[in-house]
Amino acid sequence: MSDEQKNDTPPERLSVNPRSPHFDGDALQRGVGIRFKDRVRTDIEEYSISEGWVRVQAGKTVDRKGNPLTIKLTGPVEAWYEDLGDNPPVAKKDS
């Protein structure tokens, strides 16, 4: 993959939590679209393309530190930058 293509696809793993080591404010600023199990999702807290999972918030429940409780769902994950228009390069696990 060329450097130009790497800049056009989101990171392999990304989290919306600023305390996470997988947080990337620049990527989130651009807007990342997520397709999980062939459905576009807007409620993803964290994802991993290579491991094939996403984390979503479990209702309104929070832990004792005030962070939302999440559940891990497994399946095929695809990600793309929304600022690249209608046909952006998609980051997905190679079969």
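Every chain begins its residue count from 1, and numbering advances along the sequence as written. Per-residue local features are limited, in this predicted model, to residues with pLDDT of at least 70; the limit for side-chain atom pairs, both in listing and counting, is 80 or more; totals at the level of whole chains, interfaces and linings are taken over all residues. Only heavy atoms go into the side-chain values, all of them from the structure, while hydrogens and water stay out.

(A) The arrangement of the overall build of the protein chain in detail. A run of DSSP states H or I qualifies as a helix once it reaches four residues; a run of E qualifies as a strand once it reaches two. Both are numbered from the N-terminal end. In terms of regular secondary structure, the protein chain is built from 2 helices and 8 strands. Reading the helices (α) and strands (β) of the protein chain from amino to carboxyl end gives α-β-α-β-β-β-β-β-β-β. What you see for the protein chain is a C-alpha radius of gyration of 14 Å, in line with the 12 Å of a compact globule of 95 residues. Overall, the protein chain is about 45 × 25 × 20 Å in size when its C-alpha atoms are taken along their principal axes. To sort residues, take the accessible area from a 1.4 Å probe on protein chains only and compare it with the maximum for the residue type: under 20% means buried, over 50% means exposed, and anything in between is partly exposed. Out of the 95 residues in the protein chain, the part that is buried amounts to 31%. By the convention used here, residues are in contact when the closest approach between their heavy atoms is within 4.5 Å. In the protein chain, once contacts between residues fewer than 6 apart in sequence are set aside, the share between residues at least 24 apart is 50%. By element, 45% of the accessible surface of the protein chain is carried by carbon and sulfur atoms, the whole surface being about 6600 Å². Every radius of gyration here is taken over C-alpha atoms, with the globule rule written as 2.2 Å times N^0.38, N being the number of residues. Here, Shrake-Rupley sampling with a 1.4 Å probe gives the accessible areas, and only protein chains in the shown set may cover a residue.

(B) Quick look at the packing of aromatic side chains. Each aromatic pair joins two rings of Phe, Tyr and Trp (for Trp, the six-membered one) with centres within 6.5 Å, and gets the label stacked for planes under 30 degrees apart, edge-to-face for over 60, and tilted for any other angle. Inspection of the entire model under this criterion finds 0 aromatic pairs. Geometrically, a charge over a ring is one whose NZ (Lys) or CZ (Arg) sits within 6 Å of the ring centre while staying within 35 degrees of the ring normal. One residue, arginine 30, lies across the ring of tyrosine 81, its end atom 3.8 Å from the ring centre.

(C) Expanded view of the side chain of arginine 41. Tracing the backbone shows arginine 41 in strand E3 (residues 39-41). Here arginine 41 falls in the buried class, since its relative accessible area comes to 15%. The contact partners of arginine 41, leaving out residues within four places of it in the chain, are Ile34, Phe36, Val56 and Leu73.

(D) How the structure looks around the pattern of salt bridges. By convention in these notes, a salt bridge is any Lys or Arg side-chain nitrogen within 4 Å of a carboxyl oxygen on Asp or Glu. All told, the structure shown has 4 salt bridges when counted by the stated rule. In this structure, arginine 35 and glutamate 78 form a salt bridge, with 2.6 Å as the shortest nitrogen-oxygen distance. You can see arginine 35 sitting in strand E2 (residues 32-36) and its partner glutamate 78 sitting in strand E7 (residues 77-81), a full 43 residues away along the chain. Relative accessible area serves as the criterion here: at 18%, glutamate 78 is assigned to the buried category.

(E) Representation of the pairing of E7. Taken across its 5 residues, E7 has 5 buried, putting it largely inside the fold. DSSP calls a pair of strands paired once it identifies at least 2 bridges connecting them. Inspection of the sheet shows E2 paired to E7 by 5 bridges, in the antiparallel sense. Paired with valine 32 across the bridge in E7 is tyrosine 81. Across 2 bridges, E7 lies against strand E8 (residues 91-92) in antiparallel orientation. Paired with alanine 79 across the two strands is alanine 91, which belongs to E8.

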